[in-house]
Amino acid sequence: MNLLDGKIVSQAVKDRLKTHTEERLLQGKKAPHLAAILIGNNGASETYVASKVKSCAEVGFTSTLIRLEESISEPELLFKLNELNEDFDVDGILVQLPLPKHISEQKVIETIHPSKDVDGFHPESVGRMVQGLPAFYPATPYGILLMLEHYNIETKGKHAVVIGRSNIVGRPISIMLNKNEYPGNCTVTVCHSHTHNLKEICLQADIIIAALGRPEFLKGDMVKEGAVIVDVGITRVPDASKKSGFAIKGDVDFNDVAPKSSYITPVPGGVGPMTIAALMMNTFKACAAKD
Ligand code: NAD
């Protein structure tokens, strides 16, 4: 078993971006600028946004953190987004999800200008990705591709089983693994909550992407010897032994699955850091596209 170490790979990606950013500055060009909107006081969202802002500083990007009250109205939020769309200095905009119930996630996603859509959730970004055009890939699936690439994982002709079909992980990674370039050219099966015989399907997989949000769902007896396992899940599970009161669990029962796998991501320290590295990549591209 080999670890797919997201901390190492994300650091390598960030080191490259830092160098490219320094080169930009030497050429008299601006540093990439990410604007992040955080609404309310959700603990997990606070942590995610703080990591994104910290990563911006590490790679030399400018970042602006905009904190808004939970009670902000939808029109007020959309107005703020339009201001950021028009601000030439801002290259990428992200709104940390989930949103308060009274705000439409779809409206927010569609209000961000596609040229600043560094989360890759806008229908234009998704459409371009599906058609194989240059696009902002959603950060988590993009991070997974960067990780497979870093470890030279063979994907051509492999059977990839994706568990989960969300717009942010399962569906886009299934499309990306299926495209006609490396990493890709997989035969992809997408499973979801209505899939029958999930265990039998997983046992046929050379690569499994687990993105369903059920802690330790994937067990050793569901995995073929030598499979590559990518665990996207992040669930906070109560744990009195931790200072925070919770432990982070992935969708894979790591101790059970790892001995059978050829490569496996840990949780934490696997896909999570790669998501942020991919967001930084998208922000850099958004900035460079304006040169
Ligand atoms: P989601 O709830 O939107 O989608 C879950 C998907 O899993 C659905 O398509 C559902 O059909 C499927 N599913 C649920 N139960 C199933 C079952 N028993 N068998 C087969 N399929 C089943 O979740 P999401 O937003 O895609 O996130 C999935 C997990 O990944 C969550 O734990 C989330 O926190 C995590 N996540 C991590 C990162 C990261 O950076 N590491 C990023 C995004 C999401």
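All of these numbers come straight from a predicted model, not from anything done at the bench.

Student: Can you tell me about the packing of aromatic side chains, naming the residues and giving the values?
Tutor: All told, the structure shown has two aromatic pairs when counted by the stated rule. A ring pair is formed by Y137 and Y142, whose centres lie 5.6 Å apart and whose planes are at 85°; its orientation type is edge-to-face. The exposure class assigned to Y142 is buried, which follows from its relative accessible area of 8%. A centroid spacing of 6.3 Å and a plane angle of 55° characterise the contact between Y151 and Y263, whose relative ring orientation is tilted. With a gap of 112 residues between them, Y151 in the loop between α6 (139-150) and β5 (159-163) and Y263 in strand β11 (residues 263-264) connect regions that are remote in the sequence.

Student: Could you give an account of unusual backbone geometry, naming the residues involved and the relevant values?
Tutor: Omega for the peptide link from Y182 to P183 comes to -10°, which places this bond in the cis form. Residues V267 and P268 are joined by a peptide bond in cis, for which omega reads 0°. Within the secondary structure, P268 sits in the loop between β11 and α10 (271-288). Positive phi outside glycine occurs at N152, with the angle close to 50°. According to the relative accessible area criterion, N152 is exposed, its value standing at 65%. Unlike most non-glycine residues, N197 shows phi in positive territory, near 55°. Note on placement: N197 falls in the loop between β6 (187-191) and α8 (198-203).

What counts and how
Residues numbered from 1 in each chain as written. Predicted model: local features only at pLDDT ≥ 70, side-chain atom pairs only at ≥ 80, totals over all residues. Heavy atoms only, no water. Phe/Tyr/Trp six-rings, centres within 6.5 Å; stacked < 30°, edge-to-face > 60°. Buried < 20%, exposed > 50% of the residue type's maximum accessible area, 1.4 Å probe, protein only. Helix = DSSP H or I, 4+ residues; strand = E, 2+ residues; numbered from the N terminus.

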